[in-house]
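# Coordinates in review
In case you want the letters, here they are:
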Amino acid sequence: MSCFGGRTSPDLYQNCCNANNLCEFSGNISDLCTEPIYVQKVYDAVLFNLQGMKTVQNQAFTPHIPKGHRVKRVVDIRCKRFFNPCNINDPKNLTLDVDTGISGATFLQNSSCEQIRVVGPDGTFSQKVLYVDTTECDERCMGTPIFGTQNIAITGNVEVFLDLLITDRSNNDSIFTVCSDVSICDGKQPMVLTNFFEMCIPSTADTAFLPRFTEFCNPACETRLATNSLGRDITVANDGCVCANLIIAICISCEKKVVVPVQLCVLSTGFAQIAPQVNHVCTSFPSLFPQQIRERDTRENCGVTDDCRHGHHHGCIDNGNSFCESDDIDLCADGIMPNRRPPRRR
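Residues numbered from 1 in each chain as written. Predicted model: local features only at pLDDT ≥ 70, side-chain atom pairs only at ≥ 80, totals over all residues. Heavy atoms only, no water.

## Looking at the state of the cysteines
Each disulfide consists of one covalent bond between the sulfur atoms belonging to two cysteines. To be explicit about the condition: In what follows, a disulfide is any cysteine sulfur pair within 2.5 Å. The helix count covers DSSP runs of H or I at least four residues long, the strand count covers runs of E at least two residues long, and both are numbered beginning at the N terminus. Think of it in three bands: with a 1.4 Å probe and only protein chains considered, a residue is buried below 20% of the maximum accessible area for its type, exposed above 50%, and partly exposed in between.
A complete count under the given rule lists two disulfides for this structure. Across the disulfide from C217 sits C254; the S-S distance is 1.9 Å. Disulfide C217 to C254: torsion about the S-S bond roughly 110 degrees, handedness right-handed. Separated by 37 residues along the polypeptide, C217 in strand β10 (residues 212-225) and C254 in strand β12 (residues 242-268) bring together distant segments of the chain. The partly exposed category is assigned to C217, whose relative accessible area is 24%.

As structure tokens, this is what we get:
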């Protein structure tokens, strides 16, 4: 298919598209430049894989299989999280409520005893500020250990899909898909998973910013027939309603990080530039980001000539872009644009 903006998917019959390539590199090292960026450095991180189990008896599926058909076998079983994009507070949404306690450190609090949260890379207030006396380990140029307990409360539903191979009285086979919303737990009695962890935090004595603590989890689900037997786990009522016995596993990956603000120097191919979609009405458009300033650009804007570089200011003619006056020759030759000032009276 042809996507908006002229990006074409390799598969013309697939309702998908390709993303724009925002950055290109010519392969020439001289095209690289150094850029300072103000980011967050991950000082330490731990990753956990947790799982919870849920058994379901006689779960009804829809729609009903057509009259006069019978189920020969189960072709596939699929499971995905339930999510209602029109209501993020829908109690059926599969939700993880993470409660983490720290021993050996303190989360900063305000006068109302509320933990202070700061904005993380995800654009939300997802980071807490840590403090601990790190004097003992600072003397040995090492980090200070902290210990934590994590409780994850799981609530909401998952969607289970059964691909059934059904046949009619004439032995004509077809694939028929049924689905069902399966409740894992409600808010009153959630499924709780617990684990413990240890992390390391840097010095809090000689830095302008205290380390931050952030955590995020991502759930997935897997399901199968309870006994892997079609005859024992699936029943079909007279009206065609399919019921199944299932085992559902909630698979969770959780990562916890200790991050600190840092300023890094990185090699860059320059600022990302996106080719605009052409509009024939306007003749020009404003820029969205500041222009990148490079040394060779300042030399060109300064209007430095060979005479300027060799100190022959008689060849430096002010053409509107040149600042090569007698006192500015050395600056221009070094690629530095001096501040414009009125010419001196002779």
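## As for the environment of L96
Heads up, the condition is: Only heavy atoms enter the contact rule, under which two residues are in contact if any of them lie within 4.5 Å.
With respect to the secondary-structure elements, L96 resides in strand β3 (residues 95-103). Leave out the neighbours within four places in its chain, and L96 touches I152, A153, I154, C217, N218, P219 and I252.

## Focus on the packing of aromatic side chains
Applicable threshold: When two rings of Phe, Tyr or Trp (its six-membered ring) have centres within 6.5 Å they constitute a pair, described as stacked for plane angles under 30 degrees, edge-to-face for angles over 60, and tilted for the intermediate range.
One pass over the structure, following the stated rule, counts three aromatic pairs. Between F48 and F197 the ring centres are 6.1 Å apart and the planes differ by 55 degrees, which places this aromatic pair in the tilted class. On the criterion of sequence distance, the pair formed by F48 in strand β1 (residues 33-61) and F197 in strand β9 (residues 191-201) is long-range, its members being 149 residues apart. Between F107 and F213 the ring centres are 5.7 Å apart and the planes differ by 50 degrees, which places this aromatic pair in the tilted class. Highlighted residues: F107 in strand β4 (residues 106-107) and F213 in strand β10, separated in sequence by 106 residues. According to the relative accessible area criterion, F107 is buried, its value standing at 8%.

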